[in-house]
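Residue strings, one per chain:
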Amino acid sequence: MKEQRIPLSILGMTVAYQKKPVLRDISLQVPEGKLIGIVGPNGAGKSTLIKAALGLIPSVTGEVSIYGKPYAEQRKLIGYVPQRESVDWDFPTSALDVVMMGRYGHLGWLKRPGAKEREIAMDCLSKVGMANFADRQISQLSGGQQQRVFLARALAQDAKLYFMDEPFVGVDAATEKAIVTLLGELREQGKTVLVVHHDLATVKQYFDWVILLNVELQGIGPAEEVFTRDNLQRTYGGRLAFLDQREGALVVNAR
């Protein structure tokens, strides 16, 4: 992969909390135009990997480049969907206002969003089935609806590289289906999406590539090659409660 076509490159990243390594010596590159699942047990450092790559938390060592340049120079190329639990949903703002925040990177600090930004935001809300809730306060939305609003905000950013931290957690079946559809559309547009994901049974169904993580990098590559019994056993160790082969598909249940 030529450096300018590599959406994300991490070299030698180590992150520690109170001197205890949460990520140790992570080096990886991801290809463009792929849906990439970040998979591993609780405490493996999955969310930490995203936050450190975005500069939201400091790393002890390591370099991160976005399309061959430092993150600070490439902010406009990046969309981020944080964990829903990390957001103050009582903040008094509407769904439309939240989505329009995704346009600020294109406007700069001095310009205010206008009719064009409103039109883009409404289109993004429509894509996630939330156009009818544009004026609704976010505190009045269900968990699944809130997640859709944040996905719409990421869409409004019109990024090339997306980071999504557990977007499927705590959502209803309709929202999960909407997220899967959206991921497919982003891939068709040539976008690259990294998703922290917990449901091992859907990994091969949802993702082209997989990053297996447990403090250290355990595996990275096409899902068909990396999402295997041996790699999962190494990643999860004794936390794998059930591992079976059904109708040619790998079915896993992790404690």
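As shown above, the structure is provided for reference.
Note that the structure is predicted; figures quoted are calculated from it, not measured.

Draft legend 1. Highlighting the overall build of the chain. Regarding its fold elements, the chain presents 9 helices and 12 strands. Across the 255 residues of the chain, 49% fall into the buried class. Put simply, of all contacts in the chain between residues at least 6 apart along the chain, 65% involve residues at least 24 apart. For the chain, the exposed area adds up to about 12700 Å²; of that, 47% sits on carbon and sulfur atoms.

Draft legend 2. Representation of unusual backbone geometry within the structure. Within the chain, K19 stands out as a residue other than glycine whose phi angle is a positive 70°. Within the secondary structure, K19 is located in the loop between strand 1 (8-17) and strand 2 (20-30). When its relative accessible area of 84% is taken as the criterion, K19 is described as exposed.

Draft legend 3. Summary view of the pairing of strand 6 (residues 78-81). Both faces of strand 6 are covered, namely the face carrying I78 and Y80 and the face carrying G79 and V81. Direction of pairing for strand 6 relative to strand 7 (residues 161-165): parallel, over a ladder of 4 bridges. Bridge pairing in strand 7 places V81 opposite M164.

Draft legend 4. Examining the nonpolar core more closely. In terms of nonpolar packing, the biggest core is built from 45 residues, with V99, L125, V149, M164, L183 and V193 touching the most fellow members. No other element matches helix 5 (residues 143-156), which puts 7 residues into this core. Core analysis: the next-biggest nonpolar cluster, separate from the first, contains 28 residues, M13, I26, L49 and A53 among them.

Draft legend 5. Fine view of the sheet that holds strand 9 (residues 209-214). Strand order in this open sheet of 6 strands is 6-7-8-3-9-10, and the pairing throughout is mixed. The sheet is open, and its two edges are formed by strand 6 and strand 10 (216-222), each paired on a single side. Strand after strand, the sheet turns through a mean of 15° between neighbouring axes, direction not considered. Set on the sheet, helix 1 (residues 46-53) makes contact with strand 3 (35-39), strand 6, strand 7, strand 8 (192-196) and strand 9; between it and strand 7 the angle comes to about 140°. Set on the sheet, helix 9 (residues 229-236) makes contact with strand 3, strand 9 and strand 10; between it and strand 9 the angle comes to about 30°.

Draft legend 6. Geometry of the pattern of salt bridges. Inspection of every chain in the model, using the stated rule, returns 6 salt bridges. A salt bridge links K127 to D123; the shortest N-O distance between them is 3.7 Å. Remark: D123 and K127 occur in helix 4 (residues 115-127); sequence separation between them is 4 residues, near one turn of the helix. Relative accessible area serves as the criterion here: at 46%, K127 is assigned to the partly exposed category.

Draft legend 7. Local environment of the environment of I36. Among the structural elements, I36 can be located in strand 3. In this structure, the C-alpha to C-alpha distance between I36 and A223, residues 187 residues apart in sequence, is 8.7 Å. Leaving out residues up to four positions away in the same chain, I36 has contacts with V30, P31, T192, V193, L194, V195, F207, W209 and I211.

Draft legend 8. Looking closely at the side chain of T14. With respect to the helices and strands, T14 occurs in strand 1. Classification of T14 as buried rests on a relative accessible area of 16%. The contacts of T14, once residues within four sequence positions are left out, are L23, R24, D25, S59, V60 and T61.

Draft legend 9. Molecular detail of the sheet that holds strand 1. Across the sheet, which stays open at both edges, the 4 strands sit in the order 2-1-4-5 with antiparallel pairing between neighbours. The open sheet terminates on both sides in strands that have one partner only, identified here as strand 2 and strand 5 (69-70). Sheet analysis places strand 4 (residues 61-66) next to strand 5, joined by 2 bridges and oriented antiparallel. Counted as the bridge partner of I66 is K69 from strand 5.

Draft legend 10. Looking closely at helix 5. With 14 residues, helix 5 should cover 20 Å at 1.5 Å per step; its first-to-last C-alpha distance of 20 Å lies within 8% of that length. When you tally the buried positions in helix 5, you get 12 out of 14 residues, the bulk of the element. Of the positions making up helix 5, those classed as buried are G144, Q146, Q147, R148, V149, F150, L151, A152, R153, A154, L155 and A156. D158 sits one or two residues past helix 5 and shows a positive phi near 50°.

Definitions and limits used
Residues numbered from 1 in each chain as written. Predicted model: local features only at pLDDT ≥ 70, side-chain atom pairs only at ≥ 80, totals over all residues. Heavy atoms only, no water. Helix = DSSP H or I, 4+ residues; strand = E, 2+ residues; numbered from the N terminus. Buried < 20%, exposed > 50% of the residue type's maximum accessible area, 1.4 Å probe, protein only. Contact = heavy atoms within 4.5 Å. Areas by Shrake-Rupley, 256 points an atom, 1.4 Å probe, with all protein chains shown as cover. Pairing = 2+ DSSP bridges. Core = buried A, V, L, I, M, F, W, Y, C linked by side-chain atoms within 4.5 Å. Axes fitted to C-alpha atoms, helices over the stretch in contact; angles between N-to-C directions. Salt bridge = Lys/Arg side-chain N within 4 Å of Asp/Glu carboxyl O. Expected span 1.5 Å × (residues − 1).

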